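Okay, here's what each chain looks like letter by letter:
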Amino acid sequence: MTSEQSKSDISRARILDAAAKTFRQKGYAATTLIEIARAAGMQAGSLYYHFGSKDELLEEVLDIGMRRVHEAVEESQERLPADSSHRDRIRVAVEAHLATLLKHDDYTSANIRIFGQVPEEVQKHHIRQRDAYAELWRRILTKAQKSGALRRDVDLGLVRMLLMGALNWSVEWYQPGRTSIRTIADHMCLMLFNGIGIEEPARSRENETVA
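Scoring rules and cut-offs
- Residues numbered from 1 in each chain as written.
- Predicted model: local features only at pLDDT ≥ 70, side-chain atom pairs only at ≥ 80, totals over all residues.
- Heavy atoms only, no water.
- UniProt positions renumbered as here; feature names shortened; annotations may be inferred.
- Helix = DSSP H or I, 4+ residues; strand = E, 2+ residues; numbered from the N terminus.
- Salt bridge = Lys/Arg side-chain N within 4 Å of Asp/Glu carboxyl O.
- Buried < 20%, exposed > 50% of the residue type's maximum accessible area, 1.4 Å probe, protein only.
- Axes fitted to C-alpha atoms, helices over the stretch in contact; angles between N-to-C directions.
- Parallel < 35°, antiparallel > 145°, perpendicular 65-115°, else oblique.
- Contact = heavy atoms within 4.5 Å.
- Nonpolar A, V, L, I, M, F, W, Y, C, P; charged D, E, K, R; others polar.
- Phe/Tyr/Trp six-rings, centres within 6.5 Å; stacked < 30°, edge-to-face > 60°.
- Lys NZ or Arg CZ within 6 Å of the ring centre and 35° of its normal.
- pLDDT = per-residue confidence, 0-100.
- Left-handed = near helix turned anticlockwise from the far one by under 90°.

In the nomenclature of an unreviewed UniProt entry, the chain is known as TetR family transcriptional regulator of Parvibaculum sedimenti.

Following this line, the structure appears as structure tokens:
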């Protein structure tokens, strides 16, 4: 790699980092190339050397965000011993998703926060990656259900959407330093596997009202 290529790559990465952070904080419509350039510490005209438009820049931010969370969850499965329980597999997948989203990734947070705001053409370009990530979770949950770790009578599509909704909404309420990501993952899985209700004690005959 030449010196010029290295400088170009560094500038491109700086632009992408600034774009991810700005999109995450301000949303799609309110973000301008001028603001991204300012956040990246360069002139707006310099952005056009790397990206032809705001939407081209946006597409790459979205792709990076989805790729990172997909890879994190996939790697969490590969690191586990082959004989790990399916509950453990779901548990580490939940923590991997949360860690990528909350710990260090403006790209994944931007992807989740603004996907519904972006133009339809950008959504169509990006949907294949989102479908691939959904398929990864379908495989994890289906194997768990077939093994008996999850009930047979539950709709796994609904389970997956509820779980993703809960995980992704954490970007709105998470406060670093207050509760660890591991603890949040533990509690989410506790609720997923065991529920939050308890069986109510049977009413005694003395408390029953005679009609």
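Asks: Explain the UniProt feature "DNA-binding region" (unreviewed entry) in the chain residue by residue, including any values.
Replies: The positions UniProt marks with the feature "DNA-binding region" (unreviewed entry) are residues 32–51. In residues 32–51, helix accounts for 75% and strand for 0%; the two terminal C-alpha atoms are 13 Å from one another.

Asks: An account of the pattern of salt bridges is needed here, citing residue identities and associated values.
Replies: When the charged atoms of two side chains with opposite charge come close together, those side chains can pair. Summed over all chains, the structure comprises 11 salt bridges. Among the salt bridges present, the one from Arg-24 reaches Asp-106, with a minimum N-O distance of 2.6 Å. With a gap of 82 residues between them, Arg-24 in helix α1 (residues 3–26) and Asp-106 in helix α6 (residues 106–114) connect regions that are remote in the sequence. Taking relative accessible area as the criterion, Arg-24 reaches 22% and is therefore assigned partly exposed. Across the pair Glu-121 and Lys-124 runs a salt bridge whose closest N-O atoms are separated by 3.8 Å. With a gap of three residues between them, Glu-121 and Lys-124 both fall in helix α7 (residues 120–147), about one helical turn apart. Just as Glu-121 is exposed, Lys-124 falls in that class too. Several salt bridges share partner residues, and in doing so they unite Arg-91, Glu-95, Arg-182 and Asp-186 into one network.

Asks: Describe the packing of helix α5 (residues 86–102) against α6, with residues and values.
Replies: Close contact between α5 and α6 brings their axes to 6 Å; oriented N to C, the two are set at 95 degrees. When the axis of α5 is compared with that of α6, the two are roughly perpendicular. Along the contact surface, α5 presents His-97, Thr-100 and Leu-101, while α6 presents Thr-108, Ser-109 and Ile-112. Across the contact of α5 with α6, the residue classes tally to two nonpolar, four polar and no charged.

Asks: Quick rundown of the packing of aromatic side chains? Include the residues and the values.
Replies: Summed over the entire model, instances satisfying the criterion amount to zero aromatic pairs. Residue placement shows Lys-54 over the ring face of Tyr-28; its charged tip is 4.2 Å from the ring centre. The aromatic ring of Phe-115 is capped on one face by Arg-130, whose charged end is 3.8 Å from the ring centroid.

Asks: Kindly report on the confidence of the model for the chain, identifying the contributing residues and their values.
Replies: In this model, the chain carries an average pLDDT of 89, and 91% of its residues clear a pLDDT of 70 or more. The weakest mean pLDDT in the chain belongs to α1 at 83; the strongest belongs to α5 at 96.

Asks: Tell me about the side chain of His-126, and name the residues and values.
Replies: Secondary-structure assignment places His-126 in helix α7. Discounting residues that sit within four places of it in the chain, His-126 has contacts with Leu-62, Asp-63, Met-66, Asn-111 and Phe-115.

Asks: A description of the packing of α5 against α7 should follow, citing residues and the corresponding values.
Replies: Where α5 contacts α7, the axes come no closer than 9 Å and their chain directions differ by 155 degrees. Classified by the angle their axes make, α5 and α7 are roughly antiparallel. With respect to the hand of their crossing, α5 and α7 are arranged in left-handed fashion. Each of His-86, Ile-90, Ala-93, Val-94 and His-97 in α5 lies in contact with α7, whose residues at this interface are Tyr-133, Trp-137, Ile-140, Leu-141, Lys-143, Ala-144 and Ser-147. Its residues assigned to classes, the contact of α5 with α7 comprises eight nonpolar, three polar and one charged.

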